[in-house]
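Chain by chain, the residues:
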Amino acid sequence: MKQLLAILVDGSVYASWLFIISAGLTLIYGVMRILNMSHGSFYALGAYSGAAMVGWYFSTGSVPWFSFVVLISSALVAGVTVGLLVERGLLRFMYGRDEVVMILVTYAVLLIMEDAIKLIWGVEPYFAYQPYTLLGRTQFMGLSFANYDFMLIGVSILIGLALWYGLNRTQNGKLLRVVIHDREIAGALGINVSKIFTITFLIGAGIGALAGALTAPGLSVVPGMGIEVIVLAFAVVVIGGLGSISGALVGALIVGMARATAVHLYPQVELFVIYAVMGLVLAFRPQGLFAVANARKI
Amino acid sequence: MSKRSLALLCILGLATLTGGLLLPNWMSYLFTIAMGKGLVVLGLVLLMRAGLVSFGQGLYYCVGAYVTGMLTQFAEVTDVLLILLASVSVSVAIAATIGLLLCRYREIFFAMFSMAFSMILYGLLVRNQVLGSTDGFNVANPSLLGWAPGPEAASDLVLAVAVFLVFSLGILAWRYLKSLSGYAGEAVRENEIRLEYLGGSVFKIVYVKYIIAAGLAAIGGTVTALVSGHVDPEMAYWTTSGEFVFIALMGGTAHVAAPIIAAVLFEALRTYAFAVAPYTWQMILGFALLAIILFMPSGLWSLVERFQNKKARKTT
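Thresholds, definitions, all that
- Residues numbered from 1 in each chain as written.
- Chains lettered and ligands numbered in written order.
- Predicted model: local features only at pLDDT ≥ 70, side-chain atom pairs only at ≥ 80, totals over all residues.
- Heavy atoms only, no water.
- Helix = DSSP H or I, 4+ residues; strand = E, 2+ residues; numbered from the N terminus.
- Rg over C-alpha atoms; globule rule 2.2 N^0.38 Å.
- Buried < 20%, exposed > 50% of the residue type's maximum accessible area, 1.4 Å probe, protein only.
- Contact = heavy atoms within 4.5 Å.
- Areas by Shrake-Rupley, 256 points an atom, 1.4 Å probe, with all protein chains shown as cover.
- 1 Å grid on protein atoms, 1.4 Å probe; cavity = no way out; pocket = protein on both sides within 12 Å on 5 of 7 lines; lining within 4 Å.
- Points joined across faces, edges and corners; volume = space filled by probe spheres on them.
- Core = buried A, V, L, I, M, F, W, Y, C linked by side-chain atoms within 4.5 Å.
- Expected span 1.5 Å × (residues − 1).
- Salt bridge = Lys/Arg side-chain N within 4 Å of Asp/Glu carboxyl O.
- Pairing = 2+ DSSP bridges.
- Axes fitted to C-alpha atoms, helices over the stretch in contact; angles between N-to-C directions.
- Parallel < 35°, antiparallel > 145°, perpendicular 65-115°, else oblique.
- Left-handed = near helix turned anticlockwise from the far one by under 90°.
- Nonpolar A, V, L, I, M, F, W, Y, C, P; charged D, E, K, R; others polar.
- Buried area = accessible area lost by both parts, 1.4 Å probe.
- Polar contact = N/O pair within 3.5 Å; in protein donor to acceptor, adjacent residues only side chain to side chain.
- Phe/Tyr/Trp six-rings, centres within 6.5 Å; stacked < 30°, edge-to-face > 60°.

Undergrad: What exactly am I supposed to notice about the overall build of chain A here?
TA: Assigned secondary structure in chain A consists of 12 helices and two strands. Relative to the 2.2 N^0.38 estimate, which gives 19 Å for 298 residues, the radius of gyration of chain A is 19 Å and therefore close to what a compact globule would have. When its C-alpha atoms are laid out on the principal axes, chain A stretches across 60 × 45 × 35 Å. Residue burial in chain A is summarised as follows: out of 298 residues, 53% are buried. Here the contacts in chain A between residues at least 6 apart in sequence split such that 76% fall between residues at least 24 apart. Entry remark: accessible area of chain A is about 12900 Å², with carbon and sulfur atoms responsible for 67%.

Laid out in structure tokens, this is it:
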């Protein structure tokens, strides 16, 4: 019973973390048809800028609670600024190229940003544990949980709701869905597709950076963290069906629960189980759980 | 292939070999590594000609390397020929199984899914204490038909084997590309349905290509393991596969020599970038990749083609 609870809680925490990371990835793919490898570096960027700013903030000795605002806003600013740079400065010249070419372009961006991060913040790890400990822990059925992790679940639900509301209930979201449905007709109808692309990329990059910032207090921020995360996000997004937000949610839940079960019962297969689940899902649903089937091109 | 060009290739092969042996040790080491990687990329190029970009060739590269390591360390088999045979058969067996699933996918899904399989292997190796988990383990020196050259000359032996493999497999790959099923690969890229109307089996073509690519990657892994004397799970990590795609893109897919030349250039570029800027070598590679995509979409080999076209125009 105790173990089941631990698995459930760990699984949901991990799932919400995965969802925050993959939401931006799947949104960008859904709208722009770009599988954005550099999403991992936006995640790392958010983690670094968040951790560095929080460290600086606590060294000034101000009100501790305000550190959450510092953490999130610095990551968002960094993510959106660099996102704008990448999209306007590079990606917009590449639109219309093959999807696989776009993977390579964003792979190049990933390589460049990895080293840029090292140049700015050095190779020493950063710790921003203060917000994590600030929230304290909860005892429940003899198990101890960090409240910060529960906050993570809350934030992921918020992001999911915001994305759902934005896409389904607002004017701009509906325009976005028109662009997703048929880019050329949308352009012909006078929708500014290029502007929508820019905004989508900024939202995606922002969410990626936010994910990094929210992760930073829970662990040490080290070089290479973005590269580690990106394949995990791919697995989640592919399980749910590329480009589907609800798919990312379900994918995150499946992967999160599978991993938590593995960690508690068979710790040797931790990494293996994630991709095994992915293989299993794709063997039966080749396009993922929530993807719309595409006709073969003649 | 005419007798004359075969003779020319043999001379070129011998020249490469003597050139490689005369190089200082660290350079011939890099050269051998480049040959190994070039073979992996050759397989990748075969797939790319059918429009399939695999982000998971690291899987077979790593399988080849680990089979090599395990044979030399745990079974005390050091004969290069036996090792090659074993590593190719293991990875072909794996590819024949995975390929059944993977060859149903195209484009981005093929890329991502192949990547996932190599990450499965990575995940397994990282957790495996017997195989040294993240550190990997050492590979013993190879021998050839009972001749054990010892630690000094072992790298020369591997170099010779690698050059031989590159030339012989390169010729075979060239022959394959000129064959009917080689050309059918391009038809898969252009239009699958028309190919099926004409009576070709798209699945079979892709499947065979996938298996060939796996075999080549395993050979590349064996060469790398033997020359570096060490294997670790990093070989199956997705960045290794990304490197192979990088090299393939750098060379282009127009000719079998392109991936080999690109692999040599890549090793040189990376070593140089690492020596000049140890903290920003990835950044240099990133900019190089962007420059290739922007200015030379069909790779460095397009320069050769441009030169050939110019010559052809002059003579007519």
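Still to come is the rest of the account.
Undergrad: Help me understand the layout of surface pockets, please; the structure alone is not making it clear to me.
TA: Rolled over the atoms, a probe sized like a water molecule indicates the empty space that remains. Estimates place the volume of the second largest pocket at around 1000 Å³. Mapped onto the lining of the second largest pocket, the elements with two or more residues apiece are α1 (2–32), β2 (143–146), α6 (147–169), α9 (193–215), α10 (225–240), α11 (245–265) and α12 (270–284) of chain A together with α5 (107–126) of chain B. The leading source of residues in the lining of the second largest pocket is α1 of chain A, at six residues.

Undergrad: Looking at this model, I keep getting lost on the nonpolar core. Mind explaining?
TA: Note on soluble globular proteins: their nonpolar side chains tend to be buried together. Grouped together as the largest cluster of nonpolar side chains are 212 residues, with contacts concentrated most on Tyr275 of chain A together with Trp238 of chain B. At 17 residues, α1 of chain A tops the list of elements feeding residues into this core. Residues within four places of tyrosine 275 of chain A in sequence aside, it is in contact with Val231, Leu232 and Ala235 of chain A together with Ala116, Met119 and Ile120 of chain B.

Undergrad: Any chance you could explain the side chain of serine 91 of chain B here in plain terms?
TA: Note that serine 91 of chain B resides in helix α4 (residues 80–102). Serine 91 of chain B has contacts with Tyr60, Val63, Ala214, Gly215 and Ala218 of chain B, leaving out every residue within four places of it along the chain.

Undergrad: What am I meant to see in helix α11 (residues 257–276) of chain B here?
TA: Each full turn of the α-helix corresponds to 3.6 residues, which orients residues three or four apart in the same direction. Taking 1.5 Å per residue, 20 residues should reach 28 Å; α11 of chain B reaches 28 Å between its end C-alpha atoms and fits that length. Looking at α11 of chain B, one finds that the buried residues are Ala258, Pro259, Ile260, Ala262, Ala263, Phe266, Glu267 and Ala273 of chain B.

Undergrad: Please clarify how the pattern of salt bridges should be interpreted in this entry.
TA: Side-chain pairing between opposite charges can occur once the charged atoms of the two side chains come close. Counted by the stated rule, this structure contains seven salt bridges over all chains. The shortest N-O distance in the salt bridge between arginine 88 of chain A and glutamate 87 of chain A comes to 2.9 Å. Given the relative accessible area of 0%, glutamate 87 of chain A is considered buried. As a salt-bridge pair, glutamate 186 of chain B and arginine 49 of chain B come within 2.9 Å of each other at their nearest N and O atoms. Residue glutamate 186 of chain B is found in helix α7 (residues 180–190), and its partner arginine 49 of chain B is found in helix α2 (residues 25–49); the two are separated by 137 residues along the sequence. Owing to a relative accessible area of 23%, glutamate 186 of chain B belongs among the partly exposed residues under this scheme.

Undergrad: Any chance you could explain the pairing of β2 of chain A here in plain terms?
TA: Along any regular strand the residues' side chains alternate between the sheet's two faces. All names here are of chain A. The sheet contact formed by strand β1 (residues 137–140) and β2 spans four bridges and is antiparallel. Across the sheet, the residue bridging to threonine 138 is phenylalanine 145, located in β2. Hairpin connection of β1 to β2: two residues between the antiparallel strands, including methionine 141 at a positive phi of 50°.

Undergrad: When you look at the packing of helix α2 (residues 39–59) of chain A against α9 of chain A in this model, what are you seeing that I'm missing?
TA: Relative placement of two packed helices is described by the angle separating their axes and the distance separating the axes. Residue and element names in this part refer to chain A. Two numbers describe how α2 lies on α9: the axes approach to 6 Å, and their chain directions differ by 50°. In terms of axis orientation, α2 runs oblique to α9. In this structure, α2 meets α9 at a crossing whose hand is right-handed. Residues His39, Phe42, Tyr43, Gly46 and Ala47 of α2 pack against Phe201, Gly204, Ala205, Gly208, Ala209, Ala211, Gly212, Ala213 and Thr215 of α9. Among the residues forming the contact of α2 with α9, the class breakdown is eight nonpolar, six polar and no charged.

Undergrad: What should I look at first to understand the interface of chain A and chain B in this one?
TA: Interface size is commonly expressed as the accessible surface area that is lost when the partners come together. In this complex, chain A contributes 46 residues to the contact, which on the side of chain B involves 42 residues. Regarding the contact of chain A and chain B, the summed buried area is about 4100 Å², with carbon and sulfur atoms giving 76% of it. Along the contact surface separating chain A from chain B lie zero salt bridges. Across the chain A-chain B interface, the total number found is five residue pairs in polar contact (both at pLDDT 80 or more). Listed by contribution, the elements that provide at least two residues to the side of chain A that touches chain B are α4 (99–121), α10 and α12 of chain A.

Undergrad: I keep staring at the environment of glycine 56 of chain B and nothing clicks. Help me out?
TA: Residues and elements named next belong to chain B. Relative to the assigned elements, glycine 56 resides in the loop between α2 and α3 (58–74). A sequence separation of 186 residues divides glycine 56 from glycine 242, and the C-alpha atoms of the two residues are 8.0 Å apart. Setting aside residues no more than four positions away along its own chain, glycine 56 makes contact with Ser114, Met115, Ser118 and Ser241.

Undergrad: How should the environment of glycine 83 of chain A be read in this particular structure?
TA: All names here are of chain A. Within the fold, glycine 83 resides in helix α3 (residues 67–89). Note: C-alpha distance between glycine 83 and glycine 166 (83 residues apart in sequence) is 20 Å. If sequence neighbours within four positions are ignored, glycine 83 has contacts with Phe42, Phe201, Leu202 and Ala205.

Undergrad: It is not clear to me how the packing of aromatic side chains should be interpreted in this structure. Could you clarify?
TA: Between two aromatic rings, the relevant description is the distance of the centres plus the angle of the planes. All names here are of chain B. Inspection of the entire model under this criterion finds 15 aromatic pairs over all chains. Judged by centre distance (4.9 Å) and plane angle (80°), the rings of tyrosine 61 and phenylalanine 244 are edge-to-face. With tyrosine 61 in helix α3 and phenylalanine 244 in helix α10 (residues 238–251), the pair connects residues that are 183 residues apart, well separated along the chain. A residue is classified by how much of its surface remains accessible, and tyrosine 61, at 3% relative accessible area, is buried. Of the residues examined, phenylalanine 244 reaches a relative accessible area of 0% and is grouped as buried. Pairing phenylalanine 246 with phenylalanine 266 gives two aromatic rings, centres 5.3 Å apart and planes at 65°, and the pair type is edge-to-face. Highlighted residues: phenylalanine 246 in helix α10 and phenylalanine 266 in helix α11, separated in sequence by 20 residues. Assessed through its relative accessible area of 3%, phenylalanine 246 is described here as buried. With a relative accessible area of 0%, phenylalanine 266 lands in the buried category.

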